[in-house]
Structures are given as C-alpha cells and as structure tokens.
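Tertiary structure, described
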Amino acid sequence: MLSMSEKELIEGAKKRDARSQRALFDRYAPTLMGVCLRYCRTRAEAEDALQESFIRIFDKLDLYDFRGSFEGWMKRLTVNVALKGYQRKRFTHEQSGLDTIPERGGAPTAYAQLGEQELMALIHELPEGYRLVFNLYAIEGYSHKEIAETLEIQEASSRSQLLKARKLLQRKIEHQQRIAI
Amino acid sequence: MSEHIDKIFREKLAKHQAPVPNGLWESIAADQAAKRRAGQWRAATKYAVLLVLLLGGLTFLYLSQSNTEAVATAENTLTKSVPELQADTETNSRSTQEITTTEKAGLSTEQNAVSEAPSRVNQANDASKARSASDQINASVPESNAVVQSNFSEETTTATKVDEQEAENTSSRQLVAVDPMLTLPLPLLSPYRAEVVAPEMVPPNERKTTEGFRKQQRQKFTFDLLAGPAYANQIFKLSDENDRALLNSREISEFPSVSLLAGFRVAYQLKGRWSLRSGLLFTQIRNQFEFEQIPIDPMETPLLIRSSNRIRLLEIPLLATYELPGKRFRLALNAGPVLNLSTVAKGRHLMPDLQQPINLEEENIYRTRVGISYQLSLTAVYQLGQGNSLLIEPTFRSYRSSFTQDDYALSERYWLAGIQFGLRHRLR
C-alpha cells in the first residue's frame, strides 16, 4: 500500500476507495493538523477543523485536476475550513465580549534557536486578528488583497494588523532573549 | 527585521507537523462510509430506473409489434377477399350480360312477331280474317311482349336471386373482412377482430381442424432454473448509542461485494393468467472485509487483512404470478413471501477494542433462520419452441427481520436487487 504513488492514491480516493482515503489521511494529517493548530485557539478546535477539512477534501477531490501541489491545495482548503470556524466564533465573541488574548508566555530560548513549539506558542499569544493575518501573510503567502477577501476586512486593516503582529512578536522574542541572557 | 521574522516563522512552521489524535480517522471514515452507501443507493436507483425504462420500452415495442401483426393479418384477409370480390363482380357482370342477351332475344322475338304480322295480314283475304288477323296480331304482340316480359322477369328474378345470394355471401364476407377495416386507424381498440372468421364461412374440413386445435389441453406445470448476480445492501441499526464504536468499525471495514441468487421453481397454471410458483432458492450475500492492522513497530509496513464474508441462505418462495398476454415474448409479474429455511454466516468482522478481526463462526452473532422476506420480480420470457423458454428476471427482495441475534448490539438487515437469467420448460 505504501508503494502506491500520490497520484494513484488521489485517483483511488476520488473513487471513494477507503484504503486510498486512509493512506492520504495517514500521509497528510500531521501536516494539516499543524496548520489547524496555527489557526485555532485550542487543540480541540483544531481537531474538529482537521476532521471537517478531510471530509471537505474527500468531497471536493474531484475538483483537483493534478495541476499544482496537492499538499498546497489541501492546505488552502484546510485554512478556509479553520477560518470559517473563526468567522462563526467571532460573532459569538463579539456578542459575549470575551477577551481571547492568551496570557501564557513562551519558553525562554535563544532568538536564533527558536524551535517549532516555541514559535507556535508565540503565535498563539497573539490576539486572534493579528494571528490570522500573520499566519496567512507570513506562512501561507497570501497577499493583503486575498487576506482582505478571505477575512472580509479592508486591505489597510490587513496591513496594519500584520505590522502590529510583527511588532508584538519582535517584542516578545526580545523579551524572551533578555530572560534567557 | 520584520521580514526576517516572517522568514523564521515560514521556514520553521510551513512544514510543521503535529500528532493526530486517535479515533479521528474512524469519525471521517464513518462519514465517508455513509456517503458511499448513499452513492451506491443513488446508483442502484439510477440503474433500477434505467431497467424499468428499458423494460417499459421493450413492452411498448412488443405491444406495437403485436398490433402491427394484427393489422397485417387484417390486411391479408382483405387482400384475400379482393379476388373473391372481383370474382363476384365478374359473376354479376356475367349475369348482367346474360340478362341483356335474354332481353335482346325477347325483344327480337317481339320484333319477329311484329314483322310477321304484315305477312299474316297479307295472308288474310277478307276483312274478318284481316280483323281476326289484326286481333291475333294485337293479341300476339302483347302475348309475345308478355312472354318476353315474363321470360325477362324470370331471368331477372333468377339473376336477382343469384345476385342476392352472391351479394349476401359477398356482404357476409365483406362484414368479416370490412369489420377490421374500421379498427385499422385505431389498432389498439380491437386488433384481434381482424382474425375472427364467421363459423359459417369456414369450410367444414377446416372447421374440424380448428375445433381439434381448440380442444388441445396445455400442461399446467412449468419448471424454472434461474441464477444471477445481485447487490446486497447492508443496513446496520444501533440499539444503544454506547455501541457506536462497533457500528463505525463495522461500517468502515465491510463493503458490499457481488452477491448471488440461484434457484429452481415449479409453477402451476391457475385459471386465467394467474399461476403459483414455488421451489428452492439459494442466496449468497457477500461483503468484502478489509482491515489494516497497524504493527507495534512503526517502522513495519501495516498489514492489510482482506477476506470475503458470506451469508448463505436456503429459502422457499411462494410467489403469485400474473402473466401479460403475448406470443413469443411475454412479461410476468411475480410477488410473494420467501420463507427462510437456514442461514449460515462465514467470514470476519472487526471489534473496536481489538486490533485483530474475529471470525464469525466463533462468535454466535447470526441467527440460523431469519424468517420471512418479500420478493418482487418481473420475468421477461422468450419462447424458444418445444416448451422451452429463456428467462430474464430483475428481482428485488427485502428482509424485514435482523440477521443478528437479539442480544447483539447491532441489528443487521439487508435488501437485495439483482438480475437472474434462466430457462423455463413446460411439460408437453
């Protein structure tokens, strides 16, 4: 089964073959879980987003025409699912007025030797809007126009939130460096 | 600096992987299994509709063909009667000629009598003779006229009688032949009237043959031998929500495979188009079992365990059949209960808590008898001759009760849709 190529797996999954679907899940679920964790506030939300993402991936697999990276296509779909969850919850939070900024700090480490877990922790410390814009722009490579369309905000807001996110991250990293020294 | 931050995050987090929680795949697989079943149901419905349309089309073609044959028979009857009508016309014209000849002969006799009169006058010497001759002449003219007229009227009467008889015969033939003409524009109304022959018009020797054919008795018993593939739809039902893991594990590890229907039937012809059908049926429901066993050592390749689950059923059908009219090609609708005699299940299934599949033979979860199911089928019969026919029978069967024991967490029911092919033999 592991000898099956990615194309064979995709073809099989398009025909709703359970083994091919399982193989795709095993191959890409950890990467997509990483994506979901960057966009969701909690692990439980990320797990829900990952489940919904795979259901949508299998449902929409016929639309994938083998042009471009399959992983990139899946990531984009996963980001959209995670953002839909965010958009649904944003209304609730606005209504309830909850403060979603996490209080927890990252582990002290050298600036150049920041590990994945530390960087993830730093991202999670950002306010929700900053985090989403930073994730989309810096890691996913979206343009401000695309971010504005995806999050239904102004392009100027996207730019200003990115700047603020960078400043905040820089300050946090420097703060961690000072503690480490 | 800001772009440097972006780069650090992009490089380290773009390929970042996180552990996936256990049980997440099972939830996704259960959703996919449900969608797969829905897809199969849609496909089965699509094929059923196509089959019904195909059979409907065939029935329509068959009925149209029957009507065309009936119309052709009517046309033959008419074509045959045309020479007879021409012969009648010739007879009539011949009798008319005879009449004309007779008339002419009568008139010439009259003319002769008239022409003979002056000679008689000449022959008479005296006035009385002349008067008497004149009286004779006067008398002979009407006499000759009367003779001519009576001869003419007799001939005419005879001719008229012949005509009337011929006309009767012709009109009676025409009634038989013309009657279908009225139905020609509307062949569906009564195409068979064209074949009805008035008994008095059938020659006695032919009549005997017809009566002899009618008295021939048909055998009331027919034998069917059928077999074919089928799709068996597995339906699980959960009695307790706590057992959902078992439902999920079975739904994601079992897939429908090609099932088999086979049987031997005897039919007894009742009055009219009805008959009763019974016999012995063998049904094998097949499901593909697939399970990927994850080894303890993550470096080892997962082991794919695959087997075919089989549920074998021995059953007795009790079907009522209504046969639609036809000649070589006929359609019949069968419906009725099917009594289950024995059920045996072999294969494997997955328990959610175990990493290995268990054998169905070891676990006493299936019933040995599953009660009554209901069958509906449509038989297309094509007669080959000598009492043999070819059969194609789309069949639908629904099992109302569960195949599993009452104390098992899941109820498992099935419906089958298949197509059987076979032979029918009628005793001669």
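Just so you know, these numbers come straight off a predicted model, no measurement behind them.

About the criteria used
What you see as residue numbers is a count from 1 along each chain, following the sequence as written. The order in which chains are written sets their letters, starting at A; the order in which ligands are written sets their numbers, starting at 1. Since the coordinates come from a predicted model, pLDDT governs what is reported: local features require at least 70, and pairs of side-chain atoms require 80 or more to be given and counted, while whole-chain, interface and lining totals use all residues. Calculation of side-chain values draws on the structure's entire complement of heavy atoms; hydrogens and water are dropped beforehand. When a carboxyl oxygen of Asp or Glu lies within 4 Å of a side-chain nitrogen of Lys or Arg, that pair is called a salt bridge. Under the DSSP-based scheme used, a helix requires at least four consecutive residues in state H or I and a strand at least two consecutive residues in state E, with every element numbered from the N terminus. Think of it in three bands: with a 1.4 Å probe and only protein chains considered, a residue is buried below 20% of the maximum accessible area for its type, exposed above 50%, and partly exposed in between. Residues belong to a common nonpolar core when they are buried Ala, Val, Leu, Ile, Met, Phe, Trp, Tyr or Cys residues joined through side-chain atoms within 4.5 Å. Note on contacts: a residue pair qualifies if any of its non-hydrogen atoms lie within 4.5 Å across the two residues. The criterion for an aromatic pair is that two Phe, Tyr or Trp rings (for Trp, the six-membered ring) have centres within 6.5 Å, with stacked assigned to planes under 30 degrees apart, edge-to-face to planes over 60 apart and tilted to the rest.

1. Considering the pattern of salt bridges
All names here are of chain B. Counted according to the given criterion, the structure contains 25 salt bridges over all chains. In this structure, D31 engages K35 in a salt bridge whose closest nitrogen and oxygen atoms are separated by 3.1 Å. Remark: K35 and D31 occur in helix α2 (residues 24-123); sequence separation between them is four residues, near one turn of the helix. In this structure, R277 engages D224 in a salt bridge whose closest nitrogen and oxygen atoms are separated by 2.8 Å. Linking R277 in strand β4 (residues 274-293) with D224 in strand β1 (residues 221-238), this pair joins segments that are 53 residues apart in sequence. Each member of the pair R277 and D224 is classed as buried. Connected via shared salt-bridge partners are D224, R265, R277, E393 and R424.

2. With respect to the nonpolar core
If you look at the biggest cluster of nonpolar residues, it comprises 63 residues, and the most contacted ones within it are F54 and F134 of chain A together with F9 of chain B. In terms of residue count, helix α2 (residues 18-39) of chain A provides more of this core than any other element does, 11 residues in total. Sequence-distant contacts of F54 of chain A, defined by excluding residues within four places in its chain, comprise L24, F25, Y28, A29 and L32 of chain A together with I28 of chain B.

3. Quick word on the packing of aromatic side chains
Enumeration over the complete set of coordinates arrives at 18 aromatic pairs over all chains. Measuring from ring centre to ring centre gives 5.2 Å for F25 of chain A and W25 of chain B, while their planes differ by 40°; the resulting arrangement is tilted. You can see F25 of chain A sitting in helix α2 and its partner W25 of chain B sitting in helix α2, one on each of two chains. The pair F25 of chain A / W25 of chain B is uniform in exposure class, with both members buried.

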